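One-letter residues, chain by chain:
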Amino acid sequence: MLKRKYLIPLLTSLFAVILVLSACSGQSNQDSKQSEETTDAKDQPIAEKDGNSITIAVSSNLVSMDPHDTNDTLSGAVQSTMLEGLFGFDKDMNMIPVLAESYEASEDAKEFIFKLREGIKFHDGTPFNAEAVKVNIDRVSNPENRLKRYSMFENVETTEVVDEYTVKVTLKEPFGAMLNNFAHPAARMVSPKAIEEYGKDIAMHPVGTGAFKFVEWEHSDHLIVEKNTDYWQEGLPKVDRITIKPVPENGSRIAMLQTGEADFIYPVPTDQAELINGKDGIVVENRPSIVARYITMNTTKKPFDDVKVRQAINYAINNEAFLKVVYSGYGSDLDSIIPEGLQFYSKQTPYSYDPEKAKQLLAEAGYENGFETTIWGANNSDAIKAMEFIQQQLSLVGIKVNVVPMESGTLSDRIWSVQTAEDADVELYFGGWSSSTGDADWGIRPLLAGDSIPPKSYNVAYYQNEAADELIYAALQTADPEKRADAYAEVQKIIWEDAPWVFLGVEDTMAGMKNYLKGVYLLPDGAMNATQAEIVQ
Amino acid sequence: MENGTVITQSDELIQSKPEKVKTPLSEFWRKFKKQKMAMVAATFVLLLIIVALIGPFIAPYSATEPDYDNILSPPSLEHLAGTDAFGRDIFSRIIEGTSISLYVGLTSVFIGAVIGTVLGLLSGYYGGRLDSIIMRICDVLFAFPGILLAIGIIAILGPGLENVIIAVAVFGIPTFARIVRSSTLSIKESVYVESAISIGAPARRIIWKHIFPGTLSSIIVYFTMRIGTSILTAASLSFLGLGAQPPSPEWGAMLSSGRDFLNSAPHVTFFPGLAIFLTVLAFNLLGDGLRDALDPKMKD
Amino acid sequence: MFRFIVKRLFGIIPTLLIVSILVFLFVHMIPGDPARLVAGPDASYEDVELVRQDLGLDKPLVTQYFTYMSGLFQGDLGTSMKTKRPVFDEIADRFMPTFWLTIWSMVWAIIFGLLIGVISATKRNKWQDYTGMFTAVSGISLPSFWLGLMLIQLFSVQLGWFPTGGNDSWTSYILPSITLGAGVAAVIARFTRSSLMDILREDYIRTGRAKGLKENIVVWKHALKNAMIPVVTMTGLQFGFLLGGSIVVETVFSWPGLGRLLIDSVSYRDYPVIQAELLLFAFEFILINLIVDVLYGIMNPQIRY
C-alpha cells in the first residue's frame, strides 16, 4: 500500500527529469557523434538555405540610425549596411577610401582636401557631392545640434566646397589623427535632402549611399534593409534583404543559428564556441580584436603609488591562464599599452609570469606581508570571472583582493563622475577599451594622458607623467606618419615601464555563421560588415 | 509561540475528546508524526541545518580554491557533482553554501511575512481608511520592479548581505499583506468572530486568537513557496554587485553562473538547482505537515 | 457595490499622483548619471555635457520635476533619453506583446493550477497529491532561464516544432507562455489545494456529503467557490507581476516586451521611460486589485468594506 503510494509519483517525477534532461544529453550524444565525423569546421557539408535574404542576430537593442548621434558599436555596424563615409576600414582596420577618391593633408595637420568619387547618388536620388559633404560636416560640428559625436568634429573650423567634387576642411588646431576621425562611423554621409525633411527624426529614417536601403525598424524588435539596385560598386549587393534582430540571451542566439533562424550571430560566447563549431553547418570565426583588457591601478593611492608594486602585480598574473579561464583561450597577449591592431603599435617586453619576482618586488617596496585591496568591475559573467581569477592569482603573492561587481549605472557613477582625484575611491578597476578610430591617439590619450582624469575623461589610474604627456600631444601636431610613429613608440615604452595598468590581454571577436554565408565579417573593433554578404550553395 | 496560540484556540475541542490529557505540544507532535512525508521533510530540513552549521568541516574540497586543470569536468567519483568554470568542486560549494542560502532565504521571507501579516491583519480587520492606505502603499510597492528597488535600497543602505535580506524582504511584504487581508476579510464575517465582536471582546484579542489562526494556512503556503524565490532573487542581486560577493558559494549565484554552460556542462546548473528544489520541496512538505498538525478541525 | 467601485476609481487619480512623486524622487535618487550613460562609454567630457544640456539634466531638480509634471498633466510622458523617441511610443510598441503573453500564460496557469490543486486536495496524501505537489514545487524552484533554454533546446533545436523566439506567429507564444506560466500555475495549485482542504473540512461540506450529494458537485460547486478567495488574490497578483513583463523570459525568448524595455532603461537610467513604466505598473496593480476586491464581494456576499 505504502509502497505503491510512493512508486507512481517517483516514476512520474523520474520520467519528467529524464524528459527535461534529454534536451541536453540528446544534444551531447549528437555532438560526440558528429565531432568524430568532422574534426574541422570547413569539412562539414554546406547547410541548406532557402531564399536570398539573411538574418543577423545581435546581442543588444539598436539605439539610433543617425551616424552623427550614435556612440554604440552595434548601431554603427547596422548603419554601415546603409551609410558610407569618405573613408572606412577594411577587415584588418586599415583605413581605405570609400566615398573619397584621394586626399591631401597639409604638413601641420590643419588642412585636409578630399577629392570625391563621382556619379554616386543617395537612396533618395540626391546626388552625392561636395555640398552634401559640407552639409554633413557642418551638421555634426555644430554644438547647437547637440549630437553625441560633436567632440570628434568640434575641431573643424570651416568646410568649404572647392568644386562639385572637391571639399576642403580646415581645423582650428592641428590634429594628426583627423583622417581617422573621417574614417570613423560618425563621419558617414546622410542625404542632405533627408536631413532637411526629417530633421531630428533622421535617426529613424536613414538615407545614405550604401549597398542596402532602409525598409523598416520595429524599435522593439528588428530592423530590415533591402538591396540597393543602383549601388555604385559593381556586383554588389548580392543578397536581397538583411534582417537584424536583437537577441540578448547567449543561448538563444546560438539556438537561432542552429535552427537556421539566423544566418550570422555575434558575439558567440567563447565557452560555447568549440561546442557549436563544425556542427549543423556552423562555422565560428575568431579574429584578434582591438579591445584591450586591463586593470587600472590608482597611482595616487598607496600602495599603488609605488611602481614596484604595480610591476609586481603584473608579474604575479599568468596572462595565458587568464585568457584560458576567462575567454576559453580566444584572445592574445596585450604586449603594449595598446593592442596590436591599432596604428602605431610597438611591441614591448612582456611582464612574464613570475610570482617569485613579484614577491621580491613587493618586499622591496615594503609589502613583504602583502596588503588588502578591492577590485571593481562590471557585473557580467566575463567580468566576474576575470575578477575572481585576479583575486586568486594575487592571493598567491599575499595580496588579498575583494571582488565587487557593480551594476553599470552605479559603476559609472562611482568611477567616472568623481570630481577630483582625492575623492576617488577606486583602487583596482577591471576595464576594457576599444579605440574606435583605429588610431593610437584614441587608444592612449583618453586613458593615460595627465589631463584625462575623471570626470573629464577616462584616466582611472590617475596616471600623471609629463614626459609621456608631451609626446602624446606632440604626436598630434603633425600628419606625418613617421613622426607620429616615433612619438608613439616612445610613449608606449615609458608607460609600459611605469605600469599604471595590469596588462591582461586582447579579446578575440567571435562570430558564428552558417557555412553557406560568405562576405559577412567582424572588424577588430567589434563592428560588423555585411556589405558583401553572399549565399553560396 | 505561534503554535501555542493556535493550540489554545483549540483547547475546547481537544479537551472534549475522551483521551489522555495532553499538553498542546505533545498533541501537536502526535498529529505531526503521523504524516510520513512531513516527517521525511523535517528530517531533511534538520539535515540541512546541520550541514549549514558544520559545512566547512565536512566539505571534501575547498569551496573557493580554483583548480585550473580541472575546469568544468563532469560528475565523477572524485568530484561527485563535477567542477565549475574555475575547477572548484561543486559538491563542496553546495555544502558550504548551505548556510548562506538558508540564512538569506529564511530570514528574508520571515521578515517579509511578519510585516506583511501584521499589515494584512490590520487592513482586513479595520477596513475603511486604514485599509485604503495600507493597500495603496502595497500597490505602490508592487509597481516597483525588484531590480530597481534593490538598486535603491543598496544606494541608501550600502552593499552587504544584511541589506540584501532587507531588499528581498521588501519584495515579499505587499504579497503577504494582500493574502492575509483576503483571508481576514472572509474570516471576519464568520459566525464566531461576529459573536466575539458582539460580546465586546477587545480587537487585539479577536485578531490574534480568532483571525490570525485562520490566515495561517495561506501564510504557510506562501512562506514555504517563497523560500526558493528568495534564494533565486538573492542570487540575481549578487549579480548586481549587491549580495554575497564572489567567490562565495551561494546556491542561486552558482546556478546563474552556469547559465552560459547549459549545453556544454549542464551539471553546473543542475546540482545547485537540485539543492534549491529539494530545499523548497522539503519546506513545502514541512509546511503542510505543520498546518495539518496545528489545525483543530483536522480529523485524525 | 457600485458606489464602492466608483469611489475606488476616483481614488486612482490621487494615488497615481503620489506614485508619480515617489517614482520621480526614487528614480533620481538611485546612483547613476543618465547623461554619461547615454553619451556612451568613450564619450568625451564635452559630449557628456552637451547630452546633459540636451536632456535638461543641468537644471535644478525642482525645475525638472515641474517640467515632468506639467507634461504629465497634458498627457505627455516625455521623450526617451536613450532613443529620443516619445516614451508613449516606446511603451505602446511593447505593451501588446507583453499583454498577450501574459494572457496566454495565465490561461495555462489557471487551467493547470486549478486542476492540480483540486485533484491534490481531494486525493489528499495519495499519489495524485504527491505528484501534483512535486510538479508545483518544480514550477517555482526551476529558474525560468533554465526552463526556457531547455524548452528551446528540446522543441526548437532538436524537434524543430516552434521558433526559438520573437513573436511573429501564434507558435512563438507557446514556449514563452509555458515558461512564464509554470511558476504561476504552481502558486495557484498550492493555494487552491490548501484553501480547498480547509473548506472541505467545514461542517456544511460534511453535511452536503452526508446528504448524499455527489462528490464532484460538492467539490466543484460548493467548496471551490468558497475556497477561491486566497486563490483569486494570488492569481490577481501574479497577473499583475506578469503584466510588468518578465525580464528573464523576454530575454531568453527575444520577446519585444516591457521587461526588456525596463532592464534597458534602468541600465541607461532613462528616467522618463522608467517613470512611465512604473506609473503603468502602479495603475495596473490598482486596477487588478480593485477587480479582485470586487470579486471577493461576488464570491462571499457577506464581505463588506
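Residues numbered from 1 in each chain as written. Chains lettered and ligands numbered in written order. Predicted model: local features only at pLDDT ≥ 70, side-chain atom pairs only at ≥ 80, totals over all residues. Heavy atoms only, no water.

Looking at the UniProt feature "transmembrane region" (unreviewed entry) in chain B
Residues and elements named next belong to chain B. Here the UniProt feature "transmembrane region" (unreviewed entry) sits at residues 38–59, 100–125, 137–158, 164–180, 219–244 and 264–287. Helix makes up 86% of residues 137–158 and strand 0%, and the two end C-alpha atoms of the span are 24 Å apart. Counting secondary structure, residues 164–180 comes out at 100% helix and 0% strand; the distance between its end C-alpha atoms is 24 Å. (UniProt positions renumbered as here; feature names shortened; annotations may be inferred. Helix = DSSP H or I, 4+ residues; strand = E, 2+ residues; numbered from the N terminus.)

So, the environment of Tyr463(A)
Residue and element names in this part refer to chain A. Turning to its location among the elements, tyrosine 463 is positioned in the loop between helix H14 (440–448) and helix H15 (466–474). Here tyrosine 463 falls in the buried class, since its relative accessible area comes to 3%. Once residues within four sequence positions are removed from consideration, tyrosine 463 is found in contact with Thr299, Leu448, Ala449, Gly450, Ile494, Ile495, Asp498 and Pro500. Polar side-chain contacts of tyrosine 463 include one of 2.7 Å to the side chain of aspartate 498. (Buried < 20%, exposed > 50% of the residue type's maximum accessible area, 1.4 Å probe, protein only. Contact = heavy atoms within 4.5 Å. Polar contact = N/O pair within 3.5 Å; in protein donor to acceptor, adjacent residues only side chain to side chain.)

Focus on the interface of chain A and chain C
Interface size is often expressed as the accessible area that is lost when the parts come together. Between chain A and chain C, the contact holds 57 residues from the first and 54 residues from the second. Summing both partners gives a buried area of about 4,900 Å² for chain A against chain C, and 54% of it is carried by carbon and sulfur. When residues of chain A are sorted by the area they lose upon contact with chain C, Arg146(A), Lys148(A) and Ser220(A) head the list and together hold 12% of the total. Here chain A is connected to chain C by 2 salt bridges. The salt bridge involving Lys84(C) is made with Asp69(A); its shortest N-O contact spans 2.7 Å. Elements that contribute at least two residues to the side of chain A that touches chain C include exactly helix H1 (2–37), helix H4 (150–153), strand E12 (241–246), helix H7 (250–259) and helix H13 (408–416) of chain A. Broken down by element, the residue count for the side of chain A that touches chain C peaks at 14 residues, all from H1(A). Residue classes in the side of chain A that touches chain C are distributed as 22 nonpolar, 21 polar and 14 charged. (Buried area = accessible area lost by both parts, 1.4 Å probe. Salt bridge = Lys/Arg side-chain N within 4 Å of Asp/Glu carboxyl O. Nonpolar A, V, L, I, M, F, W, Y, C, P; charged D, E, K, R; others polar.)

Here we look at the UniProt feature "domain: ABC transmembrane type-1" (unreviewed entry) in chain C
The feature "domain: ABC transmembrane type-1" (unreviewed entry), as annotated in UniProt, sits at residues 95–292 of chain C in this numbering. Each end of residues 95–292 of chain C is marked by a C-alpha atom, and these two atoms are 22 Å apart; helix forms 82% of the span and strand 0%.

Thoughts on the packing of helix H6 (residues 128–143) of chain B against helix H8 (residues 161–188) of chain B
Residues and elements named next belong to chain B. It is the contact of H6 with H8, at a shortest axis distance of 9 Å, that shows an interaxial angle of 140 degrees. Comparing their axes, H8 and H6 come out oblique. Considering the relative orientation of H6 and H8, their crossing is left-handed. Here Asp131, Met135, Cys138, Leu141 and Phe142 of H6 lie close against H8, whose contacting residues are Val170, Pro174, Thr175, Ala177, Arg178 and Arg181. (Axes fitted to C-alpha atoms, helices over the stretch in contact; angles between N-to-C directions. Parallel < 35°, antiparallel > 145°, perpendicular 65-115°, else oblique. Left-handed = near helix turned anticlockwise from the far one by under 90°.)

What to know about the nonpolar core
Counting 320 residues, the largest nonpolar core has Leu86(A), Phe128(A), Phe182(A), Phe264(A), Ile313(A), Phe430(A) and Ile444(A) as the members making the most contacts within it. When residues of this core are assigned to their parent elements, the largest contribution, 16 residues, is made by helix H10 (residues 203–239) of chain B. The contact partners of Phe430(A), leaving out residues within four places of it in the chain, are Arg293(A), Tyr294(A), Ile295(A), Phe322(A), Tyr327(A), Ile375(A), Trp376(A), Gly377(A), Ala383(A), Ala386(A), Met387(A) and Leu504(A). If you look at the next biggest cluster of nonpolar residues, it comprises 14 residues, including Ala57(A), Ile254(A), Ile282(A) and Tyr330(A). (Core = buried A, V, L, I, M, F, W, Y, C linked by side-chain atoms within 4.5 Å.)

Observations regarding the domain arrangement of chain C
Residues and elements named next belong to chain C. Domains assigned within chain C are domain 1 (2–73) and domain 2 (94–304). Taking only C-alpha atoms, the centre of domain 1 and the centre of domain 2 are 32 Å apart. The interface of domain 1 with domain 2 comprises 22 residues on the first partner and 16 residues on the second. For the pair domain 1 and domain 2, the summed buried area comes to about 1,800 Å², and 77% of that belongs to carbon and sulfur atoms. Close ionic contact of aspartate 293 with arginine 8 constitutes a salt bridge, the shortest N to O distance being 2.9 Å. (Domains from an automatic or database assignment.)

Side note on a nonpolar patch on the surface
A contiguous nonpolar surface patch, about 730 Å² in accessible area, is contributed by Leu46(B), Ile49(B), Ile50(B), Leu53(B), Ile54(B), Phe57(B) and Ile58(B). Among the secondary structure elements, Ile54(B) is positioned in helix H4 (residues 36–58). (Patch = residues over 30% accessible without salt bridge, like charges linked within 9 Å, V, L, I, M, F, W, Y side chains within 5 Å. Areas by Shrake-Rupley, 256 points an atom, 1.4 Å probe, with all protein chains shown as cover.)

Quick look at the confidence of the model for chain C
All names here are of chain C. Across chain C, the average pLDDT comes to 85, with 99% of residues at or above 70. The weakest mean pLDDT in chain C belongs to helix H9 (residues 203–210) at 72; the strongest belongs to helix H5 (residues 87–122) at 91. Interface confidence for the predicted complex, expressed as ipTM, amounts to 0.82; the pTM equals 0.83. (pLDDT = per-residue confidence, 0-100.)

Observations regarding the interface of chain C and chain B
Taken together, the contact between chain C and chain B spans 61 residues of the former and 50 residues of the latter. Both sides together, the interface formed by chain C and chain B hides about 5,200 Å², and carbon and sulfur atoms give 70% of it. Of all residues in chain C, Phe145(C), Arg190(C) and Arg201(C) bury the most surface against chain B, accounting for 11% of the area lost on that side. Connecting chain C to chain B are 4 salt bridges. Where Asp293(C) meets Arg178(B), a salt bridge forms, and the shortest distance between an N and an O atom there is 3.0 Å. The interface formed by chain C and chain B includes 8 residue pairs in polar contact (both at pLDDT 80 or more). Mapped by element, the contributors of at least two residues to the side of chain C that touches chain B are helix H1 (2–29), helix H6 (127–141), helix H7 (144–158), helix H8 (171–200), helix H10 (215–243), helix H11 (247–252), helix H12 (258–267) and helix H13 (271–299) of chain C. The element contributing the most residues to the side of chain C that touches chain B is H13(C), with 10 residues. Its residues assigned to classes, the side of chain C that touches chain B comprises 41 nonpolar, 9 polar and 11 charged.

What about the pattern of salt bridges?
Pairing between side chains of opposite charge can happen when their charged atoms approach one another. What the rule picks out here adds up to 39 salt bridges over all chains. In this structure, the salt-bridge partner of Asp305(A) is Lys302(A), at a minimum N-O distance of 3.8 Å. Connected through shared salt-bridge partners, Asp131(B), Arg178(B), Arg181(B), Arg8(C) and Asp293(C) make up one network.

A few points about the pairing of strand E16 (residues 372–378) of chain A
Residue and element names in this part refer to chain A. Of all 7 residues that make up E16, 5 are buried, and the element is covered over most of its length. Bridging between E16 and strand E17 (residues 400–406) involves 7 bridges; their strand directions are parallel. Residue pairing in the sheet places threonine 374 in a bridge with asparagine 402 of E17. Taken together, E16, helix H12 (residues 381–395) and E17 form a β-α-β motif whose crossover is right-handed. Pairing geometry for E16 and strand E18 (residues 428–434), over 2 bridges, is parallel. Bridge assignment links tryptophan 376 to a residue of E18, and that residue is tyrosine 429. (Pairing = 2+ DSSP bridges. Right-handed = clockwise from strand over helix to strand, strands pointing away.)

What to know about the environment of Ala196(B)
Residue and element names in this part refer to chain B. In this fold, alanine 196 is placed in helix H9 (residues 191–198). Since its relative accessible area comes to 7%, alanine 196 is described here as buried. Measuring from C-alpha to C-alpha, the distance between alanine 196 and isoleucine 147 comes to 44 Å, with 49 residues separating the pair along the chain. When near neighbours in sequence (up to four residues on either side) are disregarded, alanine 196 contacts Ala201, Ile206 and His210.

A few points about the packing of aromatic side chains
Inspection of the entire model under this criterion finds 45 aromatic pairs over all chains. Aromatic pair Phe344(A) and Tyr488(A): ring centres 5.5 Å apart, planes at 25 degrees, arrangement stacked. Of this pair, Phe344(A) sits in the loop between strand E15 (331–332) and helix H11 (355–364) while Tyr488(A) is found in helix H16 (residues 481–498), placing the two residues 144 residues apart along the sequence. Across the pair, Tyr488(A) and Phe344(A) agree in class, each one buried. Relative to Trp255(C), the ring of Tyr173(C) has its centre 4.9 Å away and its plane inclined at 75 degrees; by these criteria the two rings are edge-to-face. Here Tyr173(C), found in helix H8, pairs with Trp255(C), found in the loop between H11 and H12; they are 82 residues apart in sequence, far enough to count as distant. Judged on exposure class, the residue Tyr173(C) and its partner Trp255(C) are both buried. Ring pairing ties together the aromatic residues Tyr294(A), Tyr315(A), Tyr351(A), Trp496(A), Trp501(A) and Phe503(A), which thus form one cluster. (Phe/Tyr/Trp six-rings, centres within 6.5 Å; stacked < 30°, edge-to-face > 60°.)

Details of the packing of H9(C) against H10(C)
Residues and elements named next belong to chain C. It is at 10 Å that the axes of H9 and H10 come closest, and there the two elements cross at 160 degrees. Relative to H10, the element H9 is oriented roughly antiparallel. Viewed along their axes, H9 and H10 form a crossing whose handedness is right-handed. Taken together, the residues of H10 that come into contact with H9 (itself represented by Tyr204, Ile205 and Arg209) are Glu215, Val218, His222, Ala223 and Asn226. Taken together, the residues of the contact of H9 with H10 break down into 4 nonpolar, 2 polar and 2 charged.

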